Amino acid sequence: QVQLVESGGGLVQPGGSLRLSCVCSKLIFSWYTMSWYRQAPGNERELVALISSTGSSRNYADSVKGRFTISRDNAKNTVYLQMNSLKPEDTAVYYCNANRELFNYWGQGTQVTVSS
């Protein structure tokens, strides 16, 4: 059974930082494109950041570009999302996703709340 387990969410003040982690098990991690999505109440789930299987390429939503960094450690089967200069608009449930041809897996989601 494939599992994606996230951690690192919580409450942070505007301008603060958080680092999310997603540990994947029972899949060949290095074969998968990894992504972070988020969903705020009343909104559709949106792609925040993506990293290729080798880590050689990355893409970000315009709203987080320059503030967030996605990275991966294939030896640890882990993908990270470093979030800096957080804004209240970043408040959402953040989901980890693993994807390759014919396969798509989701984490359980972790709440990030940015508030003073």
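Preceding this section is the structure that the text describes.
Residues numbered from 1 in each chain as written. Predicted model: local features only at pLDDT ≥ 70, side-chain atom pairs only at ≥ 80, totals over all residues. Heavy atoms only, no water.

Caption draft 1: Highlighting the side chain of Arg-38. Checked against the element boundaries, Arg-38 lands in strand S4 (residues 33–39). Within the local environment of Arg-38, its side chain forms a polar contact with the side chain of Ser-63, the two groups lying 3.4 Å apart. Look past the residues within four positions of Arg-38 in its chain and what remains in contact with it is Glu-44, Arg-45, Glu-46, Val-48, Ser-63, Val-64, Phe-68, Glu-89, Asp-90, Ala-92, Val-93 and Tyr-94. (Helix = DSSP H or I, 4+ residues; strand = E, 2+ residues; numbered from the N terminus. Polar contact = N/O pair within 3.5 Å; in protein donor to acceptor, adjacent residues only side chain to side chain. Contact = heavy atoms within 4.5 Å.)

Caption draft 2: Representation of the pairing of S4 within the structure. With seven bridges joining them, S4 and strand S9 (residues 92–100) adopt antiparallel strand pairing. Looking across to S9, one finds that Met-34 is bridged to Ala-98. (Pairing = 2+ DSSP bridges.)

Caption draft 3: Broad picture of the sheet that holds strand S8 (residues 78–83). The strand order S1-S3-S8-S7 describes an open sheet built from four strands, whose pairing is antiparallel. Taken across any chain shown, the strands that pair with only one partner, and hence form the sheet edges, are strand S1 (3–7) and strand S7 (68–73). Sheet twist, expressed as the mean angle between neighbouring strand axes with direction ignored, is 15°. Bridging between S7 and S8 involves six bridges; their strand directions are antiparallel. (Axes fitted to C-alpha atoms, helices over the stretch in contact; angles between N-to-C directions.)

Caption draft 4: The pattern of salt bridges, seen in detail. Tallied over the entire structure, the rule returns four salt bridges. Asp-90 is paired through a salt bridge with Arg-38; the nearest N and O atoms lie 3.0 Å apart. Here the residue Asp-90 occupies a position in the loop between S8 and S9, and Arg-38 occupies one in strand S4, the gap between them amounting to 52 residues. By the burial criterion, Asp-90 is buried, and Arg-38 matches it. The structure contains a network of salt bridges with shared partners spanning Arg-38, Glu-46, Arg-67 and Asp-90. (Salt bridge = Lys/Arg side-chain N within 4 Å of Asp/Glu carboxyl O. Buried < 20%, exposed > 50% of the residue type's maximum accessible area, 1.4 Å probe, protein only.)

Caption draft 5: Just the environment of Arg-45, in detail. Structurally, Arg-45 can be placed in the loop between S4 and strand S5 (46–51). For the pair Arg-45 and Gly-15, spaced 30 residues apart in the sequence, the C-alpha separation amounts to 23 Å. Arg-45 has contacts with Tyr-37, Arg-38, Gln-39, Tyr-95 and Trp-106, leaving out every residue within four places of it along the chain.

Caption draft 6: Spatial organisation of the nonpolar core. Counting residues in hydrophobic clusters, the biggest one holds 28 residues, and the most contacted among them are Met-34, Trp-36, Phe-68, Val-79, Leu-81, Met-83 and Tyr-94. Within the residue set of this core, elements represented by two or more residues are strand S3 (18–25), S4, S5, S7, S8, S9 and strand S11 (110–114). Aside from chain neighbours lying at most four places away, what touches Met-83 is Gly-16, Ser-17, Leu-18, Leu-20, Arg-67, Phe-68, Tyr-94 and Val-112. (Core = buried A, V, L, I, M, F, W, Y, C linked by side-chain atoms within 4.5 Å.)

Caption draft 7: Broad picture of the state of the cysteines. Evaluated as defined, the whole model comprises one disulfide. In this model Cys-22 forms its disulfide with Cys-96; the gap between the sulfur atoms is 2.2 Å. Taking the torsion about the sulfur-sulfur bond, which here is approximately -85°, the covalent link between Cys-22 and Cys-96 counts as left-handed. Here Cys-96 lies in strand S9 and Cys-22 lies in strand S3, a separation of 74 residues in the sequence. Judged by its relative accessible area of 0%, Cys-22 is buried. (Disulfide = S-S within 2.5 Å.)

Caption draft 8: Region of the structure containing the packing of aromatic side chains. Per the counting criterion, the structure on display carries four aromatic pairs. Seen from their ring centres, Tyr-32 and Tyr-105 are 6.2 Å apart, and the 50° between their planes marks the pair as tilted. Of the two residues, Tyr-32 sits in the loop between S3 and S4 while Tyr-105 sits in strand S10 (residues 103–106), which places them 73 residues apart along the sequence. Overall, the relative accessible area of 24% leaves Tyr-105 in the partly exposed class. Linked through ring pairs, Tyr-32, Phe-103 and Tyr-105 together constitute an aromatic cluster. One residue, Arg-45, lies across the ring of Trp-106, its end atom 4.8 Å from the ring centre. (Phe/Tyr/Trp six-rings, centres within 6.5 Å; stacked < 30°, edge-to-face > 60°. Lys NZ or Arg CZ within 6 Å of the ring centre and 35° of its normal.)

Structural measurements only, silent on function.
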